[in-house]
Amino acid sequence: MTPLPELLNGEELENPIEVRKHTISPVERKGVGGVTYAEKEYSVFRGSQRVQAALKLGYTHIEGVIINERI
């Protein structure tokens, strides 16, 4: 995924990224060739290009919203 050029050219990050929270399995899972699968607790649902632009611009934190968290 490539970063959004307009963000690299000085536009501000206006909207938070949307993140999904996953349930990590208590049982170790294996991937291709028997390699242990590294499960993620969170993944970017919408805004991955903004994440890439933020990394290139040296950001260490950006706003995000967990879209499937139940209250």
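Everything discussed here concerns the structure shown above.
Our subject in this report is the structure included herewith.

The rules behind these values
- Residues numbered from 1 in each chain as written.
- Predicted model: local features only at pLDDT ≥ 70, side-chain atom pairs only at ≥ 80, totals over all residues.
- Heavy atoms only, no water.
- Helix = DSSP H or I, 4+ residues; strand = E, 2+ residues; numbered from the N terminus.
- Rg over C-alpha atoms; globule rule 2.2 N^0.38 Å.
- Buried < 20%, exposed > 50% of the residue type's maximum accessible area, 1.4 Å probe, protein only.
- Contact = heavy atoms within 4.5 Å.
- Areas by Shrake-Rupley, 256 points an atom, 1.4 Å probe, with all protein chains shown as cover.
- Lys, Arg positive; Asp, Glu negative; His and termini not counted.
- Charge placed at Lys NZ, Arg CZ, Asp CG, Glu CD.
- Pairing = 2+ DSSP bridges.
- Axes fitted to C-alpha atoms, helices over the stretch in contact; angles between N-to-C directions.
- Patch = residues over 30% accessible without salt bridge, like charges linked within 9 Å, V, L, I, M, F, W, Y side chains within 5 Å.
- Salt bridge = Lys/Arg side-chain N within 4 Å of Asp/Glu carboxyl O.
- Arc of directions from axis to C-beta.

1. Structural notes on the overall build of the chain
Next up, step 1: A tally of regular secondary structure across the chain gives 2 helices and 3 strands.
Next up, step 2: Whereas a compact globule of 71 residues would reach a radius of gyration of roughly 11 Å, the chain reaches 15 Å, over 25% beyond that.
Next up, step 3: In terms of its C-alpha atoms, the chain occupies a principal-axis envelope of roughly 45 × 35 × 15 Å.
Next up, step 4: Residue burial in the chain is summarised as follows: out of 71 residues, 11% are buried.
Next up, step 5: Across the chain, contacts joining residues at least 24 apart in sequence account for 65% of those joining residues at least 6 apart.
Next up, step 6: Taken as a whole, the chain presents about 6000 Å² of accessible surface, with 50% of it coming from carbon and sulfur.
Next up, step 7: For the chain, the distance from the average position of its 9 positive side-chain charges to the average position of its 10 negative side-chain charges is 10 Å.

2. Remarks on the sheet that holds strand E3 (residues 64-66)
Next up, step 1: Within the open sheet, the 3 strands sit side by side as E2-E1-E3. Their pairing is mixed. Strands with a single pairing partner mark the edges of an open sheet, and in this sheet they are strand E2 (42-46) and E3. Averaged over all neighbouring strand pairs, the angle between strand axes comes to 40°, with direction disregarded.
Next up, step 2: Note: strand E1 (residues 17-21) against E3, 3 bridges, orientation parallel. Counted as the bridge partner of Val19 is Ile66 from E3.

3. Looking at the pairing of E1
Next up, step 1: In this structure, E1 lies alongside E2, joined through 4 bridges in antiparallel fashion. Residue pairing across strands places Val19 opposite Val44, the latter belonging to E2.

4. A closer look at a negative patch on the surface
Next up, step 1: Side chains of Glu6, Glu11, Glu12 and Glu14 sit close together on the surface and give a patch of like negative charge.
Next up, step 2: On the basis of relative accessibility, which here comes to 67%, the residue Glu14 falls in the exposed class.

5. Overview of helix H2 (residues 48-56)
Next up, step 1: Taken together, the buried positions of H2 are Arg50, Ala53 and Ala54. Projected down its long axis, H2 shows its buried positions confined to an angular sector of 100°, all on one face. Residues of H2 that are exposed and point over 90 degrees away from its buried face: Leu55 and Lys56.
Next up, step 2: Against the buried residues of H2 lie helix H1 (5-8), E1 and E2.
Next up, step 3: Gly58 occupies a position one or two residues after H2 and carries a positive phi of about 90°.

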